[in-house]
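Summary of structural features
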Amino acid sequence: MDKNIHLLVAKAHLGIAEEMHEKLKQEKDNDAKVAFRTAAAQNYFYAGISFMEAKLAESNLHSYSHENRARLAVENASKFSKELRELFDLVDRNLRNAVAYRAQNGKKYEMLRKFAILASEEIR
């Protein structure tokens, strides 16, 4: 895909994530909180990844797997800020599964959210 398509996908995921995050903040029911946090986390992850893919697409680079994306992020480190690379590494290694698939809360969720928001600010 080209950069513009990746950006459209990223913005769509980010919009859903932010909507779920707002619902999470207002929700009182614990099960609903878990559901909204999980949906937000999954969409934050894919938003951040899609923003990174948009940046890679500028150089006609495309990832086809998590492993390939991690390799391309290292090989093209100069395209991303140090903070974004570090967050990507944390998110890709263990935060994504902990938050998006096991509904863990706290700092892990906030780091996943920070990854997506930083990527959205850095990559346009």
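This text follows the structure it describes.
Here goes a summary of the coordinates provided. Here the structure is a predicted model, which means the values were calculated and not measured.

With that settled, consider the environment of A70. Inspection of the secondary structure puts A70 in helix α3 (residues 66-75). For the pair A70 and R85, spaced 15 residues apart in the sequence, the C-alpha separation amounts to 9.6 Å.

The interhelical angle for the contact between helix α2 (residues 30-57) and α3, taken along N-to-C directions, is 55°, at an axis separation of 11 Å. With respect to α3, the element α2 is oriented oblique. Relative to α3, α2 is oriented so that their crossing is left-handed. Where α2 approaches α3, its residues F45, I49, M52, E53 and L56 are matched on the opposing element by H66, R69, L72 and A73. Here the contact of α2 with α3 is composed, by residue class, of six nonpolar, one polar and two charged.

A separate point is a nonpolar patch on the surface. A contiguous nonpolar patch, built from M1, I5 and V9 and spanning about 250 Å² of accessible area, is present on the exposed surface. Tracing the sequence through the fold places I5 in helix α1 (residues 3-26). When its relative accessible area of 37% is taken as the criterion, I5 is described as partly exposed.

Within the structure shown, the criterion is met by nine salt bridges. When the shortest N-O distance is used, the salt bridge between E22 and K25 registers 3.1 Å. Taken as a pair, E22 and K25 lie in helix α1 at a separation of three residues, close to a single helical turn. Of the charged contacts in the structure, one is a salt bridge between R71 and E75, with a shortest N-O distance of 2.8 Å. Taken as a pair, R71 and E75 lie in helix α3 at a separation of four residues, close to a single helical turn. Take E75: its relative accessible area is 51%, and that puts it in the exposed class. It is possible to trace a salt-bridge network through shared partners that takes in K3, K55 and E58.

Reading guide: rules and limits
- Residues numbered from 1 in each chain as written.
- Predicted model: local features only at pLDDT ≥ 70, side-chain atom pairs only at ≥ 80, totals over all residues.
- Heavy atoms only, no water.
- Helix = DSSP H or I, 4+ residues; strand = E, 2+ residues; numbered from the N terminus.
- Axes fitted to C-alpha atoms, helices over the stretch in contact; angles between N-to-C directions.
- Parallel < 35°, antiparallel > 145°, perpendicular 65-115°, else oblique.
- Left-handed = near helix turned anticlockwise from the far one by under 90°.
- Contact = heavy atoms within 4.5 Å.
- Nonpolar A, V, L, I, M, F, W, Y, C, P; charged D, E, K, R; others polar.
- Patch = residues over 30% accessible without salt bridge, like charges linked within 9 Å, V, L, I, M, F, W, Y side chains within 5 Å.
- Areas by Shrake-Rupley, 256 points an atom, 1.4 Å probe, with all protein chains shown as cover.
- Salt bridge = Lys/Arg side-chain N within 4 Å of Asp/Glu carboxyl O.
- Buried < 20%, exposed > 50% of the residue type's maximum accessible area, 1.4 Å probe, protein only.

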